[in-house]
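# Residue-level structural notes
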Amino acid sequence: PESFDVVFSDQTMPGLTGLELAATLRATRPALPVIVYSGYSDGASREIAQAGGVHFLAKPAEPQAIVQALREAVAARPTLTA
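Residues numbered from 1 in each chain as written. Predicted model: local features only at pLDDT ≥ 70, side-chain atom pairs only at ≥ 80, totals over all residues. Heavy atoms only, no water.

## Focus: the pairing of strand 2 (residues 34–38)
Put simply, the rule reads: The buried label applies to any residue whose accessible area, calculated with a 1.4 Å probe on protein chains only, is under 20% of its type's maximum; exposed applies above 50%, and partly exposed to all values in between. Only DSSP runs of H or I reaching four residues or more are called helices, and only runs of E reaching two or more are called strands; each is numbered from the N terminus. Here the rule is simple: two strands pair whenever DSSP picks up at least two bridges between them.
Extensive coverage of strand 2 is indicated by the burial of five of its five residues. Here strand 2 shows a buried face lined by Val34, Val36 and Ser38 and a second buried face lined by Ile35 and Tyr37. Of the pairings in the sheet, the one linking strand 1 (residues 7–10) to strand 2 comprises four bridges and is parallel in character. By the bridge assignment, Phe8 is partnered in strand 2 with Ile35. Note: strand 2 against strand 3 (residues 55–58), four bridges, orientation parallel. If you follow Val36 over to strand 3, its bridge partner there is Phe56.

Following this line, the structure appears as structure tokens:
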């Protein structure tokens, strides 16, 4: 996780959800941008994701929307000062 610039994950996966993955990753790297991509899930919505500091993208999304979401997530991450 230390070398990731951004994580893009589906919400529905075997074993854990995208939001659970985001919480696990952000426990180690709180500023890591995470985008959860979901078509339908009882456990995910834009509001729930944003409350946890996670970006949300609804399916289906055009490739340009995915690129834009990635750009926004990376641009929004806090910069580290030495």
